[in-house]
Amino acid sequence: MTAIAKIAAPTLLILILAAGTAFPDTYLIQPDGSGDFSDLTTAMGNAVDGDTIMLADGLYTGRGNRDINYDGKEVVVCSQSGNPANCVIDIEGEFNDTAERGFIFNNDETEASVLRDIKIIHGNADAPCPECEGGAVYVHDASPTMENLILEDNYALNGAGIMVNGGSPTIKNCVFINNDTFDGGGFMCLSGDHPILEGCVFYNNTATMRGAAISGQGECVIEVVNCTIAHNGSTVGSAISSWENDYIIENSIIAYNGDSLAVWATGDPEITISYTDIYGNTGGDWVGPIAGQGTLNGNKNEAPIFVDYENRDYHLTVNSPCIDGGNPDSPYDPDNTVADMGAYYYYQIVSIDNTELLPNRTGLLANYPNPFNANTVIAFELASRGDVQLDIYDIAGRKVTTAAQGMFEAGKYQVDWYADVVSGVYFSVLRTDSGVYTNKMVLLK
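Residues numbered from 1 in each chain as written. Predicted model: local features only at pLDDT ≥ 70, side-chain atom pairs only at ≥ 80, totals over all residues. Heavy atoms only, no water.

Trainee: Talk me through the overall build of the protein chain; I want residue IDs and the actual numbers.
Mentor: Across its full length, the protein chain holds two helices and 41 strands. A compact globule built from 445 residues should have a C-alpha radius of gyration of about 22 Å, and the protein chain, at 23 Å, falls within 12% of that. Along the three orthogonal principal directions, the C-alpha set of the protein chain runs to about 90 × 65 × 35 Å. For the protein chain, the proportion of its 445 residues judged to be buried stands at 53%. In the protein chain, 71% of the contacts between residues at least 6 apart in sequence involve partners at least 24 apart. Carbon together with sulfur atoms contributes 51% to the accessible area of the protein chain, which is approximately 18,400 Å² in total. Measuring between centres, the 19 positive side-chain charges of the protein chain sit 10 Å from its 59 negative side-chain charges. (Helix = DSSP H or I, 4+ residues; strand = E, 2+ residues; numbered from the N terminus. Rg over C-alpha atoms; globule rule 2.2 N^0.38 Å. Buried < 20%, exposed > 50% of the residue type's maximum accessible area, 1.4 Å probe, protein only. Contact = heavy atoms within 4.5 Å. Areas by Shrake-Rupley, 256 points an atom, 1.4 Å probe, with all protein chains shown as cover. Lys, Arg positive; Asp, Glu negative; His and termini not counted. Charge placed at Lys NZ, Arg CZ, Asp CG, Glu CD.)

Trainee: Requested: an account of the environment of I249, with residues and values cited.
Mentor: Secondary-structure assignment places I249 in strand 28 (residues 246-250). Residue classification places I249 among the buried residues on the basis of a relative accessible area of 1%. Along the sequence, I249 and T272 sit 23 residues apart, while their C-alpha atoms lie 6.2 Å from each other. When near neighbours in sequence (up to four residues on either side) are disregarded, I249 contacts V224, I240, I271, T272, I273, S274 and T276.

Trainee: Hey, could you go over the state of the cysteines for me, with residue numbers and the actual values?
Mentor: Counted under the stated rule, the structure contains two disulfides. Disulfide pairing places C129 opposite C132 at an S-S distance of 1.8 Å. Handedness of the C129-C132 disulfide follows from its S-S torsion of about 100°: it is right-handed. Here C189 is linked by a disulfide to C220, with a sulfur-sulfur distance of 1.9 Å. Linking C189 and C220, the disulfide has an S-S dihedral of approximately -75° and is accordingly described as left-handed. One end of the pair, C189, is in strand 19 (residues 187-191); the other, C220, is in the loop between strand 23 (214-217) and strand 24 (221-225), and 31 residues separate them in sequence. Exposure class is identical for C189 and C220. Each is buried. Numbered in order of appearance, the disulfide-bonded cysteines of the protein chain are paired 1-2, 3-4. Note on C322: no disulfide assigned, nearest cysteine sulfur contributed by C227 at a separation of 14 Å. Using a relative accessible area of 0% as the deciding quantity, one classes C322 as buried. (Disulfide = S-S within 2.5 Å.)

Trainee: Which residues make up the environment of V377, and what values go with them?
Mentor: Position of V377 relative to the elements: it lies in strand 36 (residues 375-382). Along the primary structure V377 and D416 are separated by 39 residues, whereas in three dimensions their C-alpha atoms are 4.5 Å apart. In this structure, V377 is in contact with N367, Y368, Q414, V415 and D416, ignoring residues within four places of it in sequence.

Trainee: With reference to specific residues and values, describe the nonpolar core.
Mentor: Grouped together as the largest cluster of nonpolar side chains are 59 residues, with contacts concentrated most on V77, L115, F187 and I214. With three residues, helix 2 (residues 40-46) is the largest single contributor of residues to this core. Each residue touching V77, except ones within four places of it in the same chain, is listed here: L40, M44, I53, L55, Y70, F103, V114, L115, R116 and I118. Core analysis: the next-biggest nonpolar cluster, separate from the first, contains 21 residues, I378, Y413, V415 and L443 among them. (Core = buried A, V, L, I, M, F, W, Y, C linked by side-chain atoms within 4.5 Å.)

Trainee: Account for the sheet that holds strand 36, naming residues and giving values.
Mentor: The pairing of strands in a sheet happens through backbone hydrogen bonds and is either parallel or antiparallel. Sheet architecture is open: three strands sit in the order 35-36-39, paired in antiparallel fashion. Looking at which strands have only one partner, the edges of the open sheet turn out to be strand 35 (363-364) and strand 39 (411-418). In this sheet, strand 39 lies alongside strand 36 in antiparallel orientation, the contact comprising eight bridges. What sits directly across from F380, in strand 39, is Y413. (Pairing = 2+ DSSP bridges.)

Trainee: Please give an account of the packing of aromatic side chains that cites residues and values.
Mentor: Where two aromatic rings form a pair, the distance of their centres and the angle of their planes describe that pair. Tallied over the full model, the rule gives 15 aromatic pairs. Relative to Y314, the ring of Y203 has its centre 5.6 Å away and its plane inclined at 65°; by these criteria the two rings are edge-to-face. Residue Y203 is located in strand 21 (residues 201-203), and its partner Y314 is located in strand 34 (residues 313-316); the two are separated by 111 residues in the primary sequence. Overall, Y314 belongs to the buried group, its relative accessible area being 1%. Members of the aromatic cluster, connected to one another through ring pairs, are Y203, Y256, Y279, F306, Y309 and Y314. Over the ring of Y138 we find R101; its NZ or CZ atom is 4.2 Å from the centre of that ring. (Phe/Tyr/Trp six-rings, centres within 6.5 Å; stacked < 30°, edge-to-face > 60°. Lys NZ or Arg CZ within 6 Å of the ring centre and 35° of its normal.)

Trainee: An account of the side chain of D183 is needed here, citing residue identities and associated values.
Mentor: Positionally, D183 belongs in strand 18 (residues 180-183). Here D183 falls in the buried class, since its relative accessible area comes to 1%. Non-local contacts of D183, meaning those with residues more than four positions away in its chain, are made with L157, N158, G159, M188, R210, S215, Q217 and S241.

Trainee: Could you give an account of the environment of S79, naming the residues involved and the relevant values?
Mentor: The topology assignment puts S79 in strand 5 (residues 76-79). It is 14 Å that separates the C-alpha atoms of S79 and D394, two residues lying 315 residues apart in sequence. Non-local contacts of S79, meaning those with residues more than four positions away in its chain, are made with M54, L55, C87, R116, D117 and I118. Here G82 takes part through its backbone nitrogen, which lies 3.0 Å from a polar atom of the side chain of S79. Of note is the side chain of S79, whose polar atom sits 2.7 Å from the backbone oxygen of D117. (Polar contact = N/O pair within 3.5 Å; in protein donor to acceptor, adjacent residues only side chain to side chain.)

Trainee: Go over the side chain of N179 with me, naming the residues and quoting the values.
Mentor: The residue N179 is located in the loop between strand 17 (175-177) and strand 18 in this model. A polar contact of 2.9 Å, which involves the side chain of N179, links it to the backbone oxygen of L151. Beyond its immediate stretch of four places on either side in the chain, N179 contacts L151, E152, D153, N154, A160, G161, G185, N204, N205 and T206.

Take a look at the structure:
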């Protein structure tokens, strides 16, 4: 027996096992069509469960980059950088006899169908219904995951940003801006189970009829957690409207909305609000269907004290009554303090040195230990006050978590990251007003 014959049997077994195993692929799409596929439609047509379609930063237009239907696939569509402001899909929607949207989920998609880190603009759904629903994203009897999206300048008769007509999608850390509609400027649930809006920001959305930020009907139970809803306007329900659907609202801020009651309802819905600040809405705060709740369950009627509410900077300042104002039983903020109200928590991290000397540079310091097991300390320094976001990414470019976010004074800071993830290479990415800084970390369990 030759040497080749001696290794043939185990080699054959390996090949047989490998043939029965489908390994996920990551496809990179470029705005000029020079990537692994020419456009998103082609990429989605070739993708299978477990694959990732990653978009390089830039502007995507044209028929091949709109009306992307997941077709029930457990696929991730995301930007390569993780920054939605730099990865834009312009739907270029027009007023015609069909809807022109960004993405469609209508084949029983689950939480494993993911859309994140992308900006979607100029969607248009102004045709006979259901083509009148969902300007940027349309969900029908599906429960996908949407995270870190910017939905801006979209139009639909119903649900200009995201429309849900059946299903329980999870929508996290998304920003809804300047969307316009008849009903449900930012988000609308026409029917469904239990959609969740968590960590989302709604501002400058408008509705001719009701629900400039969020609108619901029928049997929807819409859960709103740690959201900031400000400067929206509609005929009724300048922030939130209910047409006999229920709401669970917690740890949120509803402020400075105009033209009508902040929360409006018809019928007899159950609207449960806790640890939420409703303030400064021109049509009234704790009135109408939520009258009497303002002094219960940790709720407030105080100015949230944003950094610059006139210029739509809804980060909290050090004097905000919303700091530590969330439900004490909620998960703590990353600074290990009680949850704040609103989408942007205020970081209560102190300087890691006791000197009065301020850093002369901004950037990441080496994390320690590295490699690490279970947890590591990520340190950074700021030469001047500014907006900071510290994110953790895996080696495939998927965001694992946001470790720090908010307005920071000049100084040195540290964050203890408890890595509830598998072993591998990870990257800490610090975004500041002066630039972006990256550091490689190795987790060994």
